[in-house]
Each structure stands twice: as structure tokens, then as C-alpha cells.
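Listed here are the chains, written in short residue letters.
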4 protein chains.
Amino acid sequence: MRTSDNNNMLSRNDMIAHVISLFRDTMPFIKLLELEFVRPDSKKDDDKEGDIELHVSWREALTGNPLQKILHGGVTATMLDTIGGLVAIIETIKRTSDADLASLQTRLPKFGTVDMRVDYLRPGRGGKFIATAKVIRGGARLAVCRMELHNEKGDHIAFGTGTYMFG
Amino acid sequence: MRTSDNNNMLSRNDMIAHVISLFRDTMPFIKLLELEFVRPDSKKDDDKEGDIELHVSWREALTGNPLQKILHGGVTATMLDTIGGLVAIIETIKRTSDADLASLQTRLPKFGTVDMRVDYLRPGRGGKFIATAKVIRGGARLAVCRMELHNEKGDHIAFGTGTYMFG
Amino acid sequence: MRTSDNNNMLSRNDMIAHVISLFRDTMPFIKLLELEFVRPDSKKDDDKEGDIELHVSWREALTGNPLQKILHGGVTATMLDTIGGLVAIIETIKRTSDADLASLQTRLPKFGTVDMRVDYLRPGRGGKFIATAKVIRGGARLAVCRMELHNEKGDHIAFGTGTYMFG
Amino acid sequence: MRTSDNNNMLSRNDMIAHVISLFRDTMPFIKLLELEFVRPDSKKDDDKEGDIELHVSWREALTGNPLQKILHGGVTATMLDTIGGLVAIIETIKRTSDADLASLQTRLPKFGTVDMRVDYLRPGRGGKFIATAKVIRGGARLAVCRMELHNEKGDHIAFGTGTYMFG
């Protein structure tokens, strides 16, 4: 039934919006770092992967060395882990059938990173840093993402790979 | 000559103390997280590996979820990356011959993490967290460390492996 | 009831023996490399972790360079992946309740490696190579192992970390 | 001088051809697996990255399970490690100045993998498997590559990341 379909579509988008707001509004460490969640272009197709980014502006508190003004590697790791996890959840919601959506929701509180690799390609210099992620393996229980960090000039600062599990 | 040996030993220990103070006193992101560098037992043998630890007390700002009081994975990654890098430098100083110590010092500003893997074993619950590291591959240019994070009860929260390079 | 307990214990041990025989007798790539599965001491406590090892004797076909007689990195990776997977299955069988053992058995054909990291510590020189593994995170669906490769003199040649999933 | 430039260009190409022939003709484990080195299009621009691929045709000896006909994960790891290492060397030769080429050559025998991560995305099914690699961080001493394995239909079977060092 059409109404029901609409409801389900709405609830899927609502669930995604809810998860983004959980990450943005309730995670103290995200706030301490002043990370911003940005939807690059809200008019884009719903099914597009990687439709959310994590941004941060340079400030001294995020550096490992105030003279060199380079981002601390822990900031890079935090951004990659966070965007990978968020995109893993969003893509899993999109791929989940209406019938299984409620079950997914109950497992969300147990979602977590299993393991992550970060490759630091060049020093984290810049005025703004943008983290993006893409699911390379998706499943009901497990998702693997590749993540990237660039600065505002497009310099590629780091690569990451993360394996995430749903409860 | 004994005097010369003493001088060299002193300068090696001085260099180690200097590096620890660089990490502790001049890195803004370390201060933002309020990480503490602790030498577990200063009377222990100089050549012992892993003679420094990184501690942090739980506080809400470091959590990913204030209800569950669990450490954010980015804090874990930051602690493992930092203790791995510091222990890699300390052990390299110890293994460097007197003749090569000055050259090592000039390369220190270019020291950095090449890549890191973190395995999250269990949720980061506890009142205090202790990160330790051990060099598993040491060389003039490259070092590989294994790192661990435990809480104050000895629960094993995370494993890490980091590859570090000297300029 | 005692008899029932005995039956269950037997079937758990039978299942472990069956899995070892699957790895040893039916995997063509294991045979191509002539890897041997060795139970170091069959009298040891049943519940001891890591009670199986993977051995291989040096031969030219396994080298990357016939002049240097060094094991090819792919042999190391194969041995670490294989022993990690086998130990992950064995330990999961041991931890599975009698009630869930049948369900585990049906999921075994879908068991597989999710990701693996190998750290090559020193050149693979020696007459014999021994791979061992230990579960660092165990669950109903996912297991994470740390693996090691030594030669017959005890030289530490490689470390590995593997994440494995049950169907 | 033009002649001298030509000579240098030739010697750089000769060195690349020499390295490919070392991998193809002298490594026993590569021969045991019957891996083939393929230059996809020899007319392409010299400076293009990833201008060599590693191929293997399915055969039972490379499987982990003869019933399922799936490639053993160790074959995947071997192919990714090998193509990553070869591409790391080729790209380093291309980036090395004429003046430093002789020095690079003397360090080649000590070239080796430092660490590698493999992500297994889907079961290794197919008639032919193609491994490719791309340098993501290049330097005089260290190179980091991303590698991929596809089957002949273009199914993406595995991702890899490898860190390599020159002596």
C-alpha cells in the first residue's frame, strides 16, 4: 500500500536523521574536538553513498606540535573512525528491508568499531579538514569502510579502513 | 674513557627526558585530552623496554556516549598512537651508538606515524586507562610497536600496532 | 546427567577434530605448501588456548629469492591467516554452549577472514617455521586473533592480527 | 645533453624491466603459484602508475575448499603483497633522479614488506584473478601502496594496503 510505503520511506530517512543527530549532538568527544557533520548537497539522490562528511577547522588545540601547526594523528584517527562508523550505519539503514528495520534499530546501541587501520600520507597541514567514507563491504552484521582525510586544498592527508559490527 | 662514557650516558638520558617533556609539555592535543606520562618505576633498569606509560582518568568529555560512559574510540587511538611513538623514539635513542646520536636528534622533528592498526576488544569502561607500548621491530629509520590499553582493573580494552619513521 | 555430559564433551572434541581434519586433509592450497598441523602436547588441558600449531619445513619452492633462501611473504601470510582461522574456530567451539553447538556447525561453511594485518619483523630464514595463534576477542559471530611466526631457533619472524566471521 | 638523457632514460627503463624479470623469473614461490606479470598496454605513457598487473588462472591447487572452488586467502595475500611490492619499486625507480639511481640499485636487495593489511570483501570465485596496485605514499626509503584483487567479471574480491621499505 502506497501510504504504508511512504511511511516506511519516511521512517528510514527519519532513522538516518536520528543517527546523524545522535553523532552530532550527544557525543561529548565529538563536541570537544568541534567536529561538524555536513551533508554536501541535500538535493542529491537518497541512495548515493557517502552523502555525509565530517569537517573540522584548524585550531591550535588539535595540533601535535604548535610550531609546525600539524594536526595530531589522534584527530585524524578520530575523524576517520567517526565518519566510517556513521556512513556504515547510514548505508546499512538504506540496505535494510522494511521488515528488518526495527530489529536493526534495537541493535544500534551495540554498534562499534572492531578494528581500524590508518595510513598517514602527509603532514596534516591546512585550514580545514574533510573526512569522507565509503562502504566497501556491507552486511546485516558487519560493514567495512574506506575513509579519507583531505584538507581544503584537496591534499590527501590520510587513508583509513575500518571494520564495524552491529551488536 | 670513563668520564666520556658518563657524559654520553648522561646525554642519552637527557635526550630521553627531553623527548618526554616535548610530548608532555608542548603538544596541545595531548593537553586537551589531559593525558599524563607516567614512569612506572624510575629505579628500574635503564634498558628495560616500555618504561613509560600514558594514563588518563575517565571524564565525560572523552566519551562517545554519555549514557554508557564508554571512552570514544578516538581517545583510544590517540593514546595508542602517542605511547607507541614515544616508546619508539625512546628505544631508538637507547639503541643508537654515541656516534650517531647527534644525527638522530636532527631527524627527530621529522618523526611520524606511517600507519597504525587498532583492535577494539571491549567497550572502554573504567575510571582510569593505561596505555603501554613495546618495540617489536627497531631500526635506524623505522620502528614498529605493539600497544595495549587497559583500565584500572586490568581489563584489556584495545590492542594496537604502529609503524613509525624517522625523517 | 553424566552420560549426556560425556556425550556432549565427546561431540565438542569430535567437532574440533573434524575441523582440524578439514583444514589438514581437504584444502588444496594447504597441501600445495605442505603445511603440517601439529598438536604440541595432546595431554594438555582441553581448555588451553592455542593448542594447535602450523609447521612448515624450509624448501626452495617457498622462497621469494633462491639465493637468500628467505621465505616468501605470501607463505608467512598464508600460515598466519590459516592458523588464526583454525584457532578462532576451535576456541569458538569450546566456548559455545551445548545448546548452540548445532547452530554453530551449520554456520561453519560460511566462516571466513574479514581482514588481516601482517607485520614482517625480520627475514624469514630458518629450517622450520612455526605459526601459533591466540584469540584476543571472541564472540558468537566474530573472533579476533593474534598470530606469530617463529623459526626453529625461536627467532620472531612475523606478527599478525586477523578478524574472522562466522557466516 | 640529449644523448646522456636518452641513456639515462634507457637505463631507468632497463632497471624496471630487470626488476620485473627478477620477480617473474627467479622467485620460486611465484612460480609455484603460476602467477603471471602482465603489462596491460605497453604503448601507454611511461609515467602512468600501475602499469603492471599480476594475473592467475583458477586451478584447484589454489583453493581453500575444492567443493566451493574459492581461492584460498593466502593466494589473495600473496598476490596483493607481490604486486604492491613490484609497483612500489617501479614507481620509486621512476621518481628517482639520475644521480640517485645507482644508490637505489644497491639498496634493492634489501627491499621488503614492512606490514600489510588485507580486507577480504567477497569469496574468491572466478576463472581468472587480476591484482593491481597504486602508490599512495612514495619516498626515498618508504612506499605505501593500495592494492586490489578482482576476478575476470570485475567483481571486487579484496583490498590491500602495504608499507614497503628500501634497505
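Residue indices begin from 1 for each chain and proceed along its sequence in written order. Chain labels run from A onward and ligand labels from 1 onward, assigned in the order the entries are written. Per-residue local features of the predicted model are confined to residues with pLDDT of at least 70, and side-chain atom pairs are confined, for both listing and counting, to 80 or more; whole-chain, interface and lining totals are unaffected and use all residues. Only hydrogens and water are removed before side-chain values are computed, so all heavy atoms of the structure are retained for them.

**Student:** Teacher, can you tell me more about the sheet that holds strand E5 (residues 112-120) of chain B here?
**Tutor:** Through backbone hydrogen bonds, the strands of a sheet pair up, either in parallel or in antiparallel fashion. Paired strands, as defined in this entry, are two strands with at least two bridges between them according to DSSP. The secondary structure listing takes helices from DSSP runs of H or I that are at least 4 residues long and strands from runs of E that are at least 2 residues long, numbered from the N terminus. Spatial ordering of the open sheet is given by E1(A)-E2(A)-E6(A)-E7(A)-E8(A)-E5(A)-E5(B)-E8(B)-E7(B)-E6(B)-E2(B)-E1(B), a layout of 12 strands whose pairing is antiparallel. A single partner strand is all that each edge strand has here, and the edge strands are strand E1 (36-38) of chain A together with strand E1 (36-38) of chain B. Geometrically, the sheet is characterised by an average inter-axis angle of 25° between neighbouring strands, direction not taken into account. Across 4 bridges, the pairing between strand E2 (residues 53-57) of chain B and strand E6 (residues 128-138) of chain B is antiparallel. Its bridge partner lying in E6(B), Leu54(B) is registered against Ala131(B). For this analysis, residues touch if any pair of their heavy atoms sits within 4.5 Å. To define axes, lines are fitted to C-alpha atoms, for helices over the stretch in contact only, and angles between the resulting N-to-C directions are given on a 0 to 180 degree scale. Here helix H3 (residues 73-95) of chain A sits on the sheet in contact with E1, strand E2 (53-57), strand E5 (112-120), strand E6 (128-138), strand E7 (142-151) and strand E8 (156-165) of chain A together with E5 of chain B, set at roughly 45° to E6(A).

**Student:** Would you mind going over the side chain of His72(D) with me for this structure?
**Tutor:** Mapped onto the secondary structure, His72(D) falls in the loop between strand E4 (70-71) and helix H3 (73-95). Three labels apply to residues, based on accessible area from a 1.4 Å probe with only protein chains included: buried if under 20% of the type maximum, exposed if over 50%, partly exposed otherwise in between. Assessed through its relative accessible area of 7%, His72(D) is described here as buried. Once residues within four sequence positions are removed from consideration, His72(D) is found in contact with Phe29(C), Ile30(C), Thr78(C), Asp81(C), Thr82(C), Leu62(D), Thr63(D) and Gly64(D).

**Student:** I would appreciate a short explanation of H3(D) in the present structure.
**Tutor:** The α-helix winds at 3.6 residues per turn, so residues separated by three or four positions along the chain end up facing the same way. In this scheme, a helix's expected span is set at 1.5 Å multiplied by one less than its residue total. With 23 residues, H3(D) extends 33 Å between its outermost C-alpha atoms, agreeing within 8% with the 33 Å of an ideal straight helix rising 1.5 Å per residue. For H3(D), the buried fraction is high: 22 of the 23 residues fall into the buried class.

**Student:** Is there a simple way to explain the interface of chain B and chain A in this structure?
**Tutor:** Counting from both sides, the interface comprises 32 residues of chain B and, opposite them, 32 residues of chain A. Taken together, the two surfaces of chain B and chain A that pack against each other cover about 2,400 Å², and 59% of this comes from carbon and sulfur. Take a side-chain nitrogen of Lys or Arg and a carboxyl oxygen of Asp or Glu: if they are within 4 Å of each other, that pair is a salt bridge. Here chain B is connected to chain A by 2 salt bridges. For Arg117(A), the salt bridge goes to Asp115(B), with nearest N and O atoms at 3.2 Å. Side-chain atoms alone can form a polar contact between residues adjacent in sequence; in general such a contact is a pair of N or O atoms within 3.5 Å, and within protein one must be able to donate a hydrogen while the other accepts it. Between the two partners, chain B and chain A, sit 10 residue pairs in polar contact (both at pLDDT 80 or more). With 8 residues, E5(B) is the largest single contributor of residues to the side of chain B that touches chain A. Here the nonpolar group is Ala, Val, Leu, Ile, Met, Phe, Trp, Tyr, Cys and Pro; Asp, Glu, Lys and Arg are the charged ones; every other residue, Gly included, is treated as polar. Taken together, the residues of the side of chain B that touches chain A break down into 16 nonpolar, 11 polar and 5 charged. Across 5 bridges, the pairing between E5(A) and E5(B) is antiparallel. By the bridge assignment for E5(B), Asp115(A) is matched with Asp119(B). As used here, buried area is the combined drop in accessible area, with a 1.4 Å probe, of two parts when they are placed together.

**Student:** Quick question: what am I supposed to make of the relation of the copies chain B and chain A here?
**Tutor:** Superposing the two chain copies requires a rotation about an axis and a translation along that axis. When chain B is fitted onto chain A, the two copies agree to an RMSD of 0.0 Å after a turn of 180° and an axial shift of 0.0 Å. Accordingly, the operation relating the two chain copies is best matched by a two-fold axis. It is Arg117(B) whose C-alpha, among those of chain B, lies nearest the rotation axis, at 2.1 Å. Of the interface residues in chain B, 100% have counterparts in chain A that sit at the interface too, so the contact is made through matching surfaces. The superposition of copies rests on a least-squares fit of C-alpha positions from residues with pLDDT of 70 or more in both.

**Student:** Explain the nonpolar core here, please?
**Tutor:** Generally speaking, nonpolar side chains in soluble globular proteins are found buried as a group. Among the nonpolar cores identified, the biggest contains 93 residues, and Leu149(C) and Leu149(D) are the most heavily contacted of them. Residues Val56(A), Leu62(A), Leu71(B) and Val118(B) belong to the second largest nonpolar core, which totals 92 residues. The criterion is simple. A nonpolar core is a set of buried Ala, Val, Leu, Ile, Met, Phe, Trp, Tyr and Cys residues joined through side-chain atoms within 4.5 Å.

**Student:** Would you take a moment to explain the packing of helix H3 (residues 73-95) of chain C against H3(D) for this structure?
**Tutor:** At a minimum axis distance of 8 Å, the contact between H3(C) and H3(D) shows a crossing angle of 145°. When the axes of H3(C) and H3(D) are compared, the crossing they make is right-handed. Contact residues: Gly73(C), Gly74(C), Ala77(C), Thr78(C) and Asp81(C) in H3(C); Gly73(D), Gly74(D), Ala77(D), Thr78(D) and Asp81(D) in H3(D). Split by residue class, the contact of H3(C) with H3(D) holds 2 nonpolar, 6 polar and 2 charged. Crossing handedness: left-handed means the near helix sits turned counterclockwise from the far one by under a right angle, and right-handed means the same turn made clockwise.

**Student:** What exactly am I supposed to notice about the pairing of E8(A) here?
**Tutor:** Remember that side chains alternate between the two faces of the sheet whenever the strand is regular. Residue and element names in this part refer to chain A. Counted residue by residue, E8 has 10 buried out of 10 residues, so it is predominantly covered. Across 8 bridges, E5 lies against E8 in antiparallel orientation. Its bridge partner lying in E8, valine 118 is registered against glycine 160. Inspection of the sheet shows E7 paired to E8 by 9 bridges, in the antiparallel sense. Bridge pairing in E8 places glutamate 148 opposite phenylalanine 159. Between the antiparallel neighbours E7 and E8 lie 4 residues, among them glycine 154 with a positive phi of about 90°.

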